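These are the residues of each chain, in order.
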Amino acid sequence: MSARSLPRILAVAVWLLIPAIARAQQAAPIHLSVDASEASRGIWHSHETVPVSPGAFTFVYPKWIPGAHGPTGPLNNVVSLKVSSGGKEIDWRRDDVDMFAIHCDVPAGVSELEISFDFVAPAQTHSLAMVTWNQLLVYPAGKASDDVPFLATLMAPPGWTFATSLAADGPPPSAHGVGGDQPVAVKFQQVSLTTLVDSPVLMGQYFQSVALHPGQTPAHFIDLVSDSKAALDFDPKMVGQYENLVEQAWALFGCHHYDTYHWLVTLNNHGGGGLEHHQSSDDRIEENALSTDGGKRRLANLLSHEYIHSWNGKYRRPIGLATPNYQEPMKGELLWVYEGLTEYLSQIICPRAGLVSAED
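**Q** What's the story with the overall build of the protein chain in this structure? I'm lost.
**A** Looking only at helices and strands, the protein chain features six helices and 20 strands. Here the C-alpha radius of gyration of the protein chain, 22 Å, is about what a compact globule of 360 residues would show, namely 21 Å. Reported as C-alpha extents along the three principal axes, the dimensions of the protein chain are approximately 65 × 65 × 40 Å. For the protein chain, contacts bridging at least 24 residues in sequence account for 70% of all contacts bridging at least 6. As displayed, the protein chain has an accessible area near 16,900 Å², and 54% of this comes from carbon and sulfur atoms. Computed over 22 positive and 37 negative side-chain charges, the separation of the two mean positions in the protein chain equals 6 Å.

Written out as structure tokens, the structure is:
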């Protein structure tokens, strides 16, 4: 290696070491505004301002959803799609083969497109909702999700409180949410599309946040919403058990990789299950889960499983399931590692934390 070639090699090496998320911060962000003030009716309004250049332009709706391991993007729930610039509508057409792709031509002199649509899904409850960002946005085709920056704003229904691992841009209206008789807009700090999709927002009329190890860094919260205030009666004994869960996970993995962690728990009788994220999890269980022994056991298994996914599946992901964006198909050959190993480890740390008995 010659001395002359060394600077070029070092320059390439430095570029490869720069995280993609840092590069995304240098690009002009997409501004996303979600009006969830009608979430109790199952109607969500999405509006984006997307930086563009004149010429052919294709944008896509997320298709392959992390954690779902399949092409489950709910495109059929998208209605009233409009594309415009400067108040003038721009014609668009759906791709003939890829139903998740939309084509349009950006006129000369145009640097931004306004893209809006409504997301409509039957509301199963009038007092709570989960903001699932991938359902409420589009992004430029061919881009890696790490390289697309977003500035998101959320309009929450009047009197509802929210919880999320996303950081607000400036002080939020209150510690964890909003209140009052009018919808309140909350602006979040700029993040990559990857982080945004990976950071759902839990909202509800009846809300409680349980802090684990107050003052600890990183902070951990169990955030709960329900259809009734009575369902949020969290046994103080359980606080220590879930603090043990954090300690057991740290002892098991020997590291922690997140800035904060939120279990986002929905207590109602309209479906169950969980979806893992890097710094949070979407956890859904029956309304009386906190008041029955069986419910507490099911909740413990659910929360421990999704928490372990923060390491196994998010911090580290099997090859084939780690795709650059939400359009490239995932390959599930190692799904048994992603899900099976997670469930195995959950069965180990749950009794160690005291959340279930050894017999259980």
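**Q** I would appreciate a short explanation of unusual backbone geometry in the present structure.
**A** When glycine is set aside, most residues are seen to have a negative phi, and most peptide bonds are trans. Of note, the amide linkage connecting Thr-217 to Pro-218 takes the cis form, showing an omega dihedral of 0°. The topology assignment puts Pro-218 in the loop between β16 (206-212) and β17 (219-226). For His-69, which is not glycine, the phi torsion reads 60° and is therefore positive. Note on placement: His-69 falls in the loop between β3 (55-60) and β4 (78-85). By relative accessible area, which is 23% here, His-69 ends up partly exposed. Backbone geometry at Ser-80 places phi at a positive 60°, although glycine is not the residue there. In this fold, Ser-80 is placed in strand β4. For Ser-80, a relative accessible area of 45% corresponds to the partly exposed category.

**Q** Just to check I follow, could you spell out the sheet that holds strand β12 (residues 161-163) for this structure?
**A** Backbone-to-backbone hydrogen bonds pair the strands of a sheet. The strands run either parallel or antiparallel. With respect to topology, three strands assemble into an open sheet ordered β9-β15-β12, the strand pairing being antiparallel. A strand with exactly one partner marks an edge of an open sheet, and here the two such strands are β9 (128-131) and β12. Direction aside, the axes of adjacent strands within the sheet are offset by 20° on average. Across three bridges, β12 lies against strand β15 (residues 201-204) in antiparallel orientation. Counted as the bridge partner of Thr-161 is Gly-204 from β15.

**Q** Looking at this structure, I do not really get helix α6 (residues 335-353). What am I missing?
**A** Because the α-helix completes a turn every 3.6 residues, residues three or four places apart line up on one side. If you check α6, its first and last C-alpha atoms are 27 Å apart, about what 19 residues at 1.5 Å a residue would give, namely 27 Å. Every buried residue of α6 is listed here: Tyr-338, Thr-342, Leu-345, Ser-346, Ile-349, Cys-350 and Ala-353. Residues of α6 that are buried make contact with α4 (236-253), β19 (273-276) and α5 (293-309). Immediately beyond the C-terminal end of α6, within one or two residues, lies Gly-354, with a positive phi of roughly 85°.

The rules behind each value
Residues numbered from 1 in each chain as written. Predicted model: local features only at pLDDT ≥ 70, side-chain atom pairs only at ≥ 80, totals over all residues. Heavy atoms only, no water. Helix = DSSP H or I, 4+ residues; strand = E, 2+ residues; numbered from the N terminus. Rg over C-alpha atoms; globule rule 2.2 N^0.38 Å. Contact = heavy atoms within 4.5 Å. Areas by Shrake-Rupley, 256 points an atom, 1.4 Å probe, with all protein chains shown as cover. Lys, Arg positive; Asp, Glu negative; His and termini not counted. Charge placed at Lys NZ, Arg CZ, Asp CG, Glu CD. Buried < 20%, exposed > 50% of the residue type's maximum accessible area, 1.4 Å probe, protein only. Pairing = 2+ DSSP bridges. Axes fitted to C-alpha atoms, helices over the stretch in contact; angles between N-to-C directions. Expected span 1.5 Å × (residues − 1).

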